Amino acid sequence: MHGALRHKGRRKDRLALTAAFKCIFLLCLASLRAGRRREGLKQREAAALAFSIQITDLTKQYRKGPPALNKVNLNIQSGMFGLLGPNGAGKTTLMRILATLLQPLSGEVYVGGVNLADNPGAVRAILGYLPQDFNTYRRLTVRQVLDYVALLKGLDAAAARRQKVELVLAQVHLKEKRHTQVAHLSGGMRQRLGIGQALLGDPQLLIVDEPTAGLDPEERIRFRNLLVEISKGKVVLLSTHIVGDVESCCSRLAVLNQGNVCFTGSPAELAAKARGQVWEIAAAEEQHTTLPASARVIATRRIGDTVHRRILSPMRPLPAALPVEPTLEEGYLQVVKAGATP
Amino acid sequence: MSPLGKRIFQFELRAQLRSPGLWAALLVVAALLLFNSVDSWESAPAQLLIKLVGGVTSFVFLLSAFVTLNGLSREEREGFSDVFYALPPTNAAIYGGKLAAAAVSLSGFLLLVLSAALLVGPSQGEFGLQYWTVSGLLLLETALAVAAGMAVAALLTALVTQHRSRYVLALLWLVGVTLLVGLGFASGRYEWLSFSPLNMGEDPYFFSLIFGFFPGSAGIARHMLVQVFLVVLLFLVGRHRFLCRRENVDQRLRRLIASALVLLVASFAWQYAAWGQYRATVAAQVNYHADARFSKADSNARADWQSLSGEGDLRYGVGVAQNFHVARYHINLRLAHPQNGLQAEVIMLIEEPTQSSLFFTLHRTLAIDGVAWQPTLGESLNAAAQSANPSWQPIAWQRAGDYLRVDLPPNAVVSPEESLLLRITYAGPTNDAWLGWWGNNPVQFVTKQGAYLQAQLGWYPLPGGWRLGAAAGVMVNGVYKAGMPPPQPLRLTSPETGYRQSEFHLQVRTRPEWQVIANLPATGTIVWDTCPSVPSFTSS
C-alpha cells in the first residue's frame with residue numbers, strides 16, 4: 001500500500017516534469033516562430049520599401065513607323081509614378097511591355113529585382129493591370145468576373161476569395177451591382193470594375209492606363225484617393241492625359257514624347273520648367289490683341305467683362321502681360337514643346 | 001495540367017456548355033445524322049452507319065474548328081485579352097485549359113456517333129464483327145475530325161490577329177480540302193484524300209469496309225496516320241508561331257516540328273506508294289475504251305421522272321411492285337468492246353405478267369438499244385435459237401435514270417399460268433461514268449486485271465424498282481482483291497428481296513487473261529463461257 005502510494009507520487013512528479021518541459025518547449029517554439037514572423041515581416045516591408053522598377057535603354061519598334069520607345073531609361077521607386085505625354089508618345093507601349101504583353105526590341109527591365117525578359121511569370125504574379133479600354137466577359141456578373149480573376153491570381157480559398165472580392169467591390173463602389181451582368185454596366189461602372197480586378201491579389205506593381213477616363217468627378221476624386229492609399233510600399237504607374245490626376249496623386253512623374261523621355265522629376269519640378277515663360281493678360285472682351293508667333297494661349301477665363309488669358313511665351317508677349325507662377329500643365333506643355341531632356 | 005490551367009479549363013468548360021454555339025453545332029450534327037438515316041434507311045446496318053457518319057465528318061471538322069475558335073478567342077472578342085494575358089497563368093496553362101475544355105465539349109460529337117452505332121445495328125439485329133469494326137473506325141474518324149478542327153483553330157489563332165477572320169479562314173480551309181479531295185477523285189489520286197479529315201463514306205474507304213476492296217483496312221490506317229501527323233504538325237506550328245509572338249522558342253519545339261513533318265511526309269509517301277501500285281495494276285483502265293461516249297445513254301436518261309407514273313416512288317426506285325417473275329435469264333455479254341465497255345443481250349423468260357407495264361432496274365449508264373418480245377407458247381427457252389428468231393416484236397419502253405418501263409401490247413398480257421419472252425439489248429461504259437452532281441460511278445469495274453460485274457451497276461435488268469448501290473437486297477456482293485485466284489463467279493448470300501429465284505445462263509465473251517467476277521443470286525445455273533478471243537458481237 002505504501003509502495004503503491006510512493007509509486008503514484010513518482011508518477012505524478014514525472015507527469016509534472018513532462019508538462020513543464022512541454023511548456024518550455026512550446027514557449028521556445030512560439031518565440032522562435034514569432035521571431036521568424038517578425039523577421040519575415042521586416043524583410044517583406046524592406047522588400048516593399050525597396051520595390052522598384054529599373055528600365056535601361058528600352059527600345060521598341062513596330063514594323064512600320066519610327067521607334068515607339070527609343071532607349072528609354074527610368075528608375076521608378078515605390079509610390080505613385082505618373083506618365084504624361086501626348087498621343088502616340090509611347091506611354092501605352094511602355095505599359096504593355098511592363099505588363100508582359102509586348103516584347104521590347106532591346107533594353108532591360110527589372111521589376112523588383114526580377115528581369116522581365118527572363119521571368120515574365122514572376123512579374124505577372126505581382127502585377128495588377130488596367131488597360132486603356134477595359135472590357136470583360138459581358139455575360140458574367142460583376143462578382144463572377146472578380147471571382148474568376150481572383151482565382152487566376154491564386155486566391156484559392158473560397159472564403160478568403162469571397163472576402164477579398166467583397167472588399168474590392170466596396171473599394172470601387174460596385175457592391176450594389178455585384179449581381180449585374182457586365183453588359184448592363186455603364187462605361188464608368190465598367191471602368192470601376194477594371195480598377196477592381198487590378199486591385200485583386202494585392203499587386204506590388206499596379207499599372208493603370210487612363211483609369212479615370214469615363215469616371216464622373218466624384219468617382220475620379222475617390223479613385224485618386226484610393227490609388228494614393230494603396231500605393232504605400234508599391235509601385236503604382238499611372239498614365240493619363242489628365243494632368244490634374246498626376247498633380248494630385250504622384251510624387252514623381254515622367255513625360256514621354258515621340259518615344260523619348262523628356263522629363264523625370266516631381267510635379268513641382270515639371271511646373272518649374274515653365275517658370276518665366278507664363279504670362280497673363282487681362283483685357284476687355286472687345287479689345288483685340290495680336291500675339292507674336294512664338295506665344296501660345298494656354299487658358300482663357302472670364303471675370304466680369306474682362307478676359308484673362310494665360311500665355312506661354314519665351315518672352316513677354318505684350319507690354320501689358322504680367323509674369324505668373326506656372327502650373328503643372330504649363331510645365332508639361334513647355335517640356336513637350338521644347339523637347340527638353342531631363 | 002497546372003492548377004491555373006485546371007481553373008481555366010473549368011471556366012471554359014462552363015462557358016462552352018452555356019454557349020448556344022456548341023448546342024447548335026451538336027444539333028446540326030444530330031439533324032444530319034437523322035437526315036442521312038431517312039435517306040438511306042434501307043441500307044444494311046454497316047453501310048447505313050458509314051453513310052450516317054461519313055456524311056457528317058466535314059461538318060464535325062468545321063464545327064469543331066468554330067467551337068475551338070470560340071473558346072480560344074473569347075477574351076479577344078470580349079476585349080479582355082490584355083488583362084487576361086497579364087494575369088499569372090502561363091500560355092501553356094491558358095491554351096492547355098482552353099483546348100482541353102474544347103475537347104471535352106466536342107466529345108458530344110463522339111457521343112452522337114456512338115448513339116447512332118448503338119441504335120442502328122442492334123435495332124436491326126446486327127451484332128457482327130464487321131459492324132462493330134465499322135463502328136469503332138467511325139468513332140476514330142469522328143475523333144480525328146474533331147482533332148483536325150481543333151488543330152486548324154489553334155493554328156489560325158496563332159497566325160491571324162483578327163479573330164473574326166479566323167472563322168472565315170477555317171471555312172476556307174474546309175473548302176480547300178474539299179476541292180483537293182474533288183481533284184483527287186477526278187484524277188484518280190486517292191492519296192490526296194489523306195489531307196482531308198477521314199471520310200469513310202467516300203468511295204475507296206466505303207467499298208473497302210463493306211466489300212474488302214483495295215485499299216482495305218491498311219489504307220484506312222494509313223489515312224489515319226497521315227491525319228494524326230498532320231494534326232500534330234498543325235498544333236506544333238501553331239504553338240511555334242504563338243511563341244514567336246510572345247516568348248522565345250526553344251530548340252526542342254523546332255525539333256518536334258521537324259519530326260512531325262518527317263513523319264507526315266513518310267506516312268503520305270507510304271499512302272502514295274500504295275495507291276500508285278493500285279493505279280498501275282488493279283485500277284488501271286483498259287485504254288481503248290477510256291474515251292467511249294454513249295449518246296444513247298444520255299437520251300435514255302433524259303426522260304422525265306413524272307412520265308413514268310408507275311407504282312411506288314420511282315424517284316427512289318424503291319417499292320415499285322414486281323408484278324412478274326423472271327424464271328430464267330440468258331445473258332450474252334461482251335466486255336471491253338473497242339467502242340462500248342459492255343454490250344449485252346438479255347433474254348428473259350417472264351412468268352405471270354399480269355399487268356401491261358413491266359418495271360426493271362438497269363443502271364443508267366447502260367443505254368438501251370431496243371426491247372422486243374414474243375410469246376413462248378409453252379416452248380422452252382433456247383436463247384441461241386430465239387435470238388435469231390424473226391418473230392421478235394419491238395415494243396415501247398421508257399427510261400428514267402436507273403428505271404425502265406416496258407409497255408406490253410394488249411395481247412401480251414397473259415394469264416398467270418403462261419409466260420412470255422422479253423429481249424433487251426443495251427450497251428454502256430464500264431468505268432467511272434459521270435452520274436451528274438451525285439458523283440461518279442464508284443467502281444472502275446473493268447481494269448487491267450479483269451471485270452467486276454457488281455450489283456451497284458445493275459448490269460442486268462433486275463425486276464422491279466431498286467435503288468442501286470444502296471438497297472441491301474441488291475448490294476450484297478463478293479470480294480474482289482488484287483491478286484485473287486482465277487475467275488470465280490461469286491454467289492450471293494440470299495438477299496431478302498422477296499424475289500423468287502431465277503435461273504441464269506451467262507455467256508461472257510472477253511479477253512482470256514481477265515478475271516471476270518459477277519454477282520448473281522444464290523441459286524440458279526450459271527454457264528460460264530469465257531471465250532478465248534473477243535468475237536464480234538451484234539445485237540439486233
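Residues numbered from 1 in each chain as written. Chains lettered and ligands numbered in written order. Predicted model: local features only at pLDDT ≥ 70, side-chain atom pairs only at ≥ 80, totals over all residues. Heavy atoms only, no water.

Describing the sheet that holds strand β11 (residues 278–284) of chain A
Residue and element names in this part refer to chain A.
For step 1, the next point in the chain: Read from one edge to the other, the open sheet built from four strands follows the order β12-β13-β11-β14, with strand pairing classed as antiparallel. At either end of the open sheet lies a strand with only one pairing partner, and these are β12 (296–303) and β14 (322–323).
For step 2, the next point in the chain: By the bridge criterion, seven bridges tie β12 to strand β13 (residues 306–312) in an arrangement that is antiparallel. Note that in β13 the partner of Ala299 across the bridge is Arg310. (Pairing = 2+ DSSP bridges. Helix = DSSP H or I, 4+ residues; strand = E, 2+ residues; numbered from the N terminus.)

Quick look at the sheet that holds strand β3 (residues 79–84) of chain A
Residues and elements named next belong to chain A.
For step 1, the next point in the chain: Across the sheet, which stays open at both edges, the six strands sit in the order β6-β7-β8-β3-β9-β10 with mixed pairing between neighbours. At either margin of the open sheet sits one strand with a lone partner, and together these are β6 (127–130) and β10 (260–265). Ignoring which end each strand starts from, the neighbouring axes of this sheet average 15 degrees apart.
For step 2, the next point in the chain: Note: β6 against strand β7 (residues 205–209), four bridges, orientation parallel. Residue pairing across strands places Leu127 opposite Leu205, the latter belonging to β7.
For step 3, the next point in the chain: Where helix α7 (residues 217–230) meets the sheet, it contacts β3, β7 and β8 (235–239), and its direction lies at approximately 160 degrees from that of β7.
For step 4, the next point in the chain: Lying on the sheet, helix α10 (residues 328–338) is in contact with β3, β9 (252–257) and β10; it crosses β9 at an angle near 35 degrees. (Axes fitted to C-alpha atoms, helices over the stretch in contact; angles between N-to-C directions. Contact = heavy atoms within 4.5 Å.)

Re helix α1 (residues 3–18) of chain B
For step 1, the next point in the chain: A rise of 1.5 Å per residue sets the reference length of α1 of chain B, with its 16 residues, at 22 Å; its end C-alpha atoms lie 23 Å apart and thus fit the reference within 8%.
For step 2, the next point in the chain: Taken as a whole, α1 of chain B has its buried residues at Leu4, Gly5, Arg7, Ile8, Phe9, Phe11, Glu12, Leu13, Ala15 and Gln16 of chain B. (Expected span 1.5 Å × (residues − 1). Buried < 20%, exposed > 50% of the residue type's maximum accessible area, 1.4 Å probe, protein only.)

What to know about unusual backbone geometry
Residue and element names in this part refer to chain A.
For step 1, the next point in the chain: Despite not being glycine, Lys71 shows a phi value in the positive range, around 45 degrees.
For step 2, the next point in the chain: With respect to the helices, strands and loops of the structure, Lys71 is situated in strand β2 (residues 69–77).
For step 3, the next point in the chain: With relative accessibility at 56%, the residue Lys71 sits in the exposed group.
For step 4, the next point in the chain: Despite not being glycine, His173 has its phi angle at roughly 55 degrees, a positive value.
For step 5, the next point in the chain: The residue His173 is located in the loop between α5 (158–171) and α6 (187–199) in this model.

Remarks on the packing of aromatic side chains
For step 1, the next point in the chain: Scanning all chains against the criterion turns up 16 aromatic pairs over all chains.
For step 2, the next point in the chain: Judged by centre distance (4.9 Å) and plane angle (80 degrees), the ring pair of Tyr131 of chain B and Trp132 of chain B falls under edge-to-face.
For step 3, the next point in the chain: We classify Trp132 of chain B as partly exposed; its relative accessible area is 32%.
For step 4, the next point in the chain: For the pair Trp459 of chain B and Tyr460 of chain B, a centre-to-centre distance of 5.0 Å together with 75 degrees between the ring planes defines the contact as edge-to-face. There is no split in this pair, since Trp459 of chain B and Tyr460 of chain B are both buried.
For step 5, the next point in the chain: Pairwise contacts between aromatic rings join Phe134, Tyr137 and Tyr148 of chain A together with Phe11, Phe80, Phe84, Tyr85, Tyr95 and Phe242 of chain B into one cluster.
For step 6, the next point in the chain: The positively charged end of Arg222 of chain B is found above the aromatic ring belonging to Trp270 of chain B, 5.6 Å away from the centroid. (Phe/Tyr/Trp six-rings, centres within 6.5 Å; stacked < 30°, edge-to-face > 60°. Lys NZ or Arg CZ within 6 Å of the ring centre and 35° of its normal.)

Notes on the pattern of salt bridges
Residues and elements named next belong to chain A.
For step 1, the next point in the chain: The tally for this structure, following the rule as stated, stands at 19 salt bridges over all chains.
For step 2, the next point in the chain: Among the ionic pairs, Arg178 bridges to Glu166, the shortest N-O distance being 2.6 Å. Of this pair, Arg178 sits in the loop between α5 and α6 while Glu166 sits in helix α5, and the two are twelve residues apart along the sequence.
For step 3, the next point in the chain: What you see here is one network of salt bridges that share partners, running through Glu280, Arg301, Arg310 and Glu330. (Salt bridge = Lys/Arg side-chain N within 4 Å of Asp/Glu carboxyl O.)

As for the packing of helix α4 (residues 57–72) of chain B against helix α8 (residues 129–159) of chain B
All names here are of chain B.
For step 1, the next point in the chain: Interaxial distance between α4 and α8 falls to 7 Å at its minimum, and their mutual angle equals 40 degrees. Classified by the angle their axes make, α4 and α8 are oblique. Along this stretch, α4 crosses α8, giving a crossing that reads as right-handed. Along the contact surface, α4 presents Thr57, Val60, Phe61, Ser64, Ala65, Thr68, Leu69 and Leu72, while α8 presents Glu141, Thr142, Ala145, Val146, Ala148, Gly149, Met150, Val152, Ala153, Ala154 and Thr157. (Parallel < 35°, antiparallel > 145°, perpendicular 65-115°, else oblique. Left-handed = near helix turned anticlockwise from the far one by under 90°.)

Points about the nonpolar core
Within soluble globular proteins, side chains that are nonpolar generally end up buried alongside one another.
For step 1, the next point in the chain: Ranked by internal contacts, the top residues of the largest apolar core, which has 168 residues, are Ile55 and Val255 of chain A together with Phe84 of chain B.
For step 2, the next point in the chain: With 15 residues, α8 of chain B is the largest single contributor of residues to this core.
For step 3, the next point in the chain: Core analysis: the next-biggest nonpolar cluster, separate from the first, contains 32 residues, Leu342, Met348, Leu404 and Val508 of chain B among them. (Core = buried A, V, L, I, M, F, W, Y, C linked by side-chain atoms within 4.5 Å.)

A word on the pairing of strand β4 (residues 367–375) of chain B
Residues and elements named next belong to chain B.
For step 1, the next point in the chain: As paired elements, β4 and strand β8 (residues 419–428) share eight bridges and run antiparallel to each other. If you follow Trp373 over to β8, its bridge partner there is Leu422.
For step 2, the next point in the chain: Summarising the sheet, β4 and strand β5 (residues 393–394) pair through two bridges and their orientation is antiparallel. Residue pairing across strands places Trp373 opposite Gln393, the latter belonging to β5.

Section: the interface of chain A and chain B
For step 1, the next point in the chain: Every contact between the two is made by 25 residues of chain A and, on the other side, 24 residues of chain B.
For step 2, the next point in the chain: Counting each side, the surface lost to burial between chain A and chain B is near 2,200 Å², with a carbon and sulfur contribution of 58%.
For step 3, the next point in the chain: Taken as a group, Arg124, Tyr137 and Leu152 of chain A account for 32% of the area that chain A buries against chain B, more than any other trio of residues on that side.
For step 4, the next point in the chain: Here Arg96 of chain A ties to Asp82 of chain B by a salt bridge, and the two come within 2.4 Å at their closest N and O atoms.
For step 5, the next point in the chain: The tally of links from chain A across to chain B stands at six residue pairs in polar contact (both at pLDDT 80 or more).
For step 6, the next point in the chain: At four residues, helix α4 (residues 142–152) of chain A tops the list of elements feeding residues into the side of chain A that touches chain B. (Buried area = accessible area lost by both parts, 1.4 Å probe. Polar contact = N/O pair within 3.5 Å; in protein donor to acceptor, adjacent residues only side chain to side chain.)

Digging into the side chain of Thr240 of chain A
All names here are of chain A.
For step 1, the next point in the chain: As for its position among the elements, Thr240 is in the loop between β8 and α8 (243–249).
For step 2, the next point in the chain: On the basis of relative accessibility, which here comes to 0%, the residue Thr240 falls in the buried class.
For step 3, the next point in the chain: Ignoring any residue separated from it by four or fewer positions in sequence, one finds Thr240 in contact with Leu83, Leu84, Lys91, Glu210, Asp245 and Val246.

Describing the environment of Leu94 of chain A
All names here are of chain A.
For step 1, the next point in the chain: Topologically, Leu94 is positioned in helix α2 (residues 91–98).
For step 2, the next point in the chain: Residue Leu94 is classed as buried on the basis of its relative accessible area of 0%.
For step 3, the next point in the chain: Linking Leu94 and Ser239, residues 145 residues apart in sequence, is a C-alpha distance of 10.0 Å.
For step 4, the next point in the chain: The residues touching Leu94, leaving out its near neighbours within four places in the chain, are Ile55, Leu58, Leu69, Leu74, Leu83 and Leu256.

The analysis is restricted to geometry; functional conclusions fall outside its scope.
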